[in-house]
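# Residue-level structure breakdown
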Amino acid sequence: MTSLNDGIAQFYDASSQLWEQVWGEHMHHGYYGRGGTHKLNRRQAQINLIEELLSFAQIKTASNILDVGCGIGGSTLYLAEKFKATATGITLSPVQAARADERAKNAFLEGNVSFQVADALNLPFAANSFDLVWSLESGEHMADKTRFLEECYRVLKPDGLLIFATWCHRPTNSLAGDLTADEKRHLEEIYRVYYLPYVISLPEYEAIASNCGFKNIIADDWSTAVAPFWDIVIESAIDPKVITGLLQSGWTTIQGALALGLMSQGYERGLVRFGVLCGRK
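An account of the accompanying structure is given in this report. (Residues numbered from 1 in each chain as written. Predicted model: local features only at pLDDT ≥ 70, side-chain atom pairs only at ≥ 80, totals over all residues. Heavy atoms only, no water.)

## Quick word on the pairing of strand E2 (residues 86-91)
Counting buried residues in E2 gives five out of six residues, a clear majority hidden from the surface. Inspection of the sheet shows strand E1 (residues 64-68) paired to E2 by five bridges, in the parallel sense. Pairing of Ile65 across the sheet is with Ala87, part of E2. On the question of chirality, the crossover connecting E1 to the parallel E2 by way of helix H3 (residues 74-83) is right-handed. Judged from the five bridges that link them, E2 and strand E3 (residues 113-117) form a sheet pairing that is parallel. Following the sheet pairing, Ala87 is matched in E3 by Val113. In this view, the connection linking E2 to its parallel neighbour E3 by way of helix H4 (residues 94-106) has right-handed handedness. (Buried < 20%, exposed > 50% of the residue type's maximum accessible area, 1.4 Å probe, protein only. Helix = DSSP H or I, 4+ residues; strand = E, 2+ residues; numbered from the N terminus. Pairing = 2+ DSSP bridges. Right-handed = clockwise from strand over helix to strand, strands pointing away.)

Given below as structure tokens:
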């Protein structure tokens with residue numbers, strides 16, 4: 001577990017500055033309309049993903065928010081400002097936490113928003129602390145998916161809401177059956193490059209959430225809506241400034257860039273999926 005966490009921290013320590021330079025503060029997919037056909041500015045597509053998740057969960061207000069896997073604070077600051085809320089972000093990366101703090105100060109939100117290095121499988125917060133737990137593309141990094149959702153449940157206040165979006169693999173409870181050897185090999189390459197222990201299917205997440213005690217669970221597959229994101233990232237990586245930044249960022253970041261096609265191909269073949277889920281305590 002520690003070596004995995006160290007690897008994740010080092011990956012984001014090395015790559016976050018380049019990502020921010022190229023893409024801005026949001027380190028997650030964009031939303032390109034339900035059918036993935038909307039031609040959007042990439043930053044707008046990322047903001048649209050946040051708004052679509054809020055709409056999906058029918059959330060109109062929040063007062064105390066936890067952002068699990070906060071990156072450099074993109075969602076944390078956006079939600080804190082939108083809802084005039086107190087927000088806490090956690091990440092395994094000290095570089096990300098420091099940059100997120102800096103961004104909070106620049107946005108004059110340091111009184112309402114804080115960031116810290118913490119492990120999502122052992123959240124350093126009391127039970128019943130937050131009315132919204134937000135996790136945008138961090139679940140894929142969790143070595144114990146059940147423990148992760150148990151911790152989210154524990155720190156939520158009664159009637160509090162979890163909004164969760166994560167990389168998944170295709171369901172295996174349908175006619176397609178179990179993952180093939182070739183599909184497993186494809187996923188293993190993604191795991192290796194992006195420091196993921198494993199991913200599971202959205203139906204498996206639904207079952208775990210239910211077993212943890214979440215009620216009113218709603219889940220959906222947004223793969224089509226977000227799939228264009230990877231081709232747009234690949235296109236942006238050809239920029240000479242980005243190539244220079246990659247070379248300066250070190251081998252783990254270069255590997256991540258070289259593997260962008262694995263994600264694009266994963267979506268194309270229906271193997272990689274983007275799952276969203278919300279549920280109440």
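## Describing unusual backbone geometry
A positive phi angle, close to 60°, is found at Asn128, a residue other than glycine. Checked against the element boundaries, Asn128 lands in the loop between E3 and strand E4 (130-136). Of the residues examined, Asn128 reaches a relative accessible area of 40% and is grouped as partly exposed. Non-glycine residue Asn216 carries a positive phi angle of around 50°. Residue placement: Asn216 occurs in strand E6 (residues 215-221). Asn216 sits in the exposed class, given a relative accessible area of 61%.

## What about helix H6 (residues 181-194)?
For H6, with 14 residues, the first-to-last C-alpha span of 20 Å sits near the 20 Å given by 1.5 Å per residue. Looking one or two residues past H6, Tyr195 carries a phi angle of roughly 55°, positive in sign. (Expected span 1.5 Å × (residues − 1).)

## Quick notes on the sheet that holds E2
Taken in spatial order, the seven strands line up as E3-E2-E1-E4-E5-E7-E6 in an open sheet, and their pairing is mixed. Strands with a single pairing partner mark the edges of an open sheet, and in this sheet they are E3 and E6. For this sheet the average axis-to-axis angle between neighbouring strands, irrespective of direction, equals 15°. Examined bridge by bridge, E4 and strand E5 (residues 156-169) share six bridges and lie parallel to one another. Among the inter-strand pairings, Trp134 is bridged to a residue of E5, identified as Ile163. Along the sheet, H4 makes contact with E2 and E3, crossing E3 at roughly 170°. (Axes fitted to C-alpha atoms, helices over the stretch in contact; angles between N-to-C directions. Contact = heavy atoms within 4.5 Å.)

## Remarks on the packing of aromatic side chains
Working definition: an aromatic ring pair is given by the centre-to-centre distance plus the angle between the planes. Scanning all chains against the criterion turns up seven aromatic pairs. On the basis of an interplanar angle of 70° and a centroid distance of 5.2 Å, the ring pair of Tyr31 and Trp222 is categorised as edge-to-face. A residue pair is termed long-range when its members are at least 10 positions apart, and Tyr31 in the loop between helix H1 (2-23) and helix H2 (42-56) and Trp222 in the loop between E6 and helix H8 (223-226) qualify at 191 residues. The two residues Tyr31 and Trp222 agree in class, both being buried. Here the aromatic rings of Phe56 and Trp222 are separated by 5.6 Å at their centres, their planes lie at 75°, and the arrangement is edge-to-face. You can see Phe56 sitting in helix H2 and its partner Trp222 sitting in the loop between E6 and H8, a full 166 residues away along the chain. The structure contains a cluster of three or more aromatic residues connected by ring pairs, namely Tyr31, Phe56 and Trp222. Over the face of the ring belonging to Tyr198 we find Lys145, whose NZ or CZ atom lies 4.4 Å from the ring centre. Directly above the aromatic system of Tyr153 lies the positively charged group of Lys281, at a separation of 5.1 Å from the ring centroid. (Phe/Tyr/Trp six-rings, centres within 6.5 Å; stacked < 30°, edge-to-face > 60°. Lys NZ or Arg CZ within 6 Å of the ring centre and 35° of its normal.)

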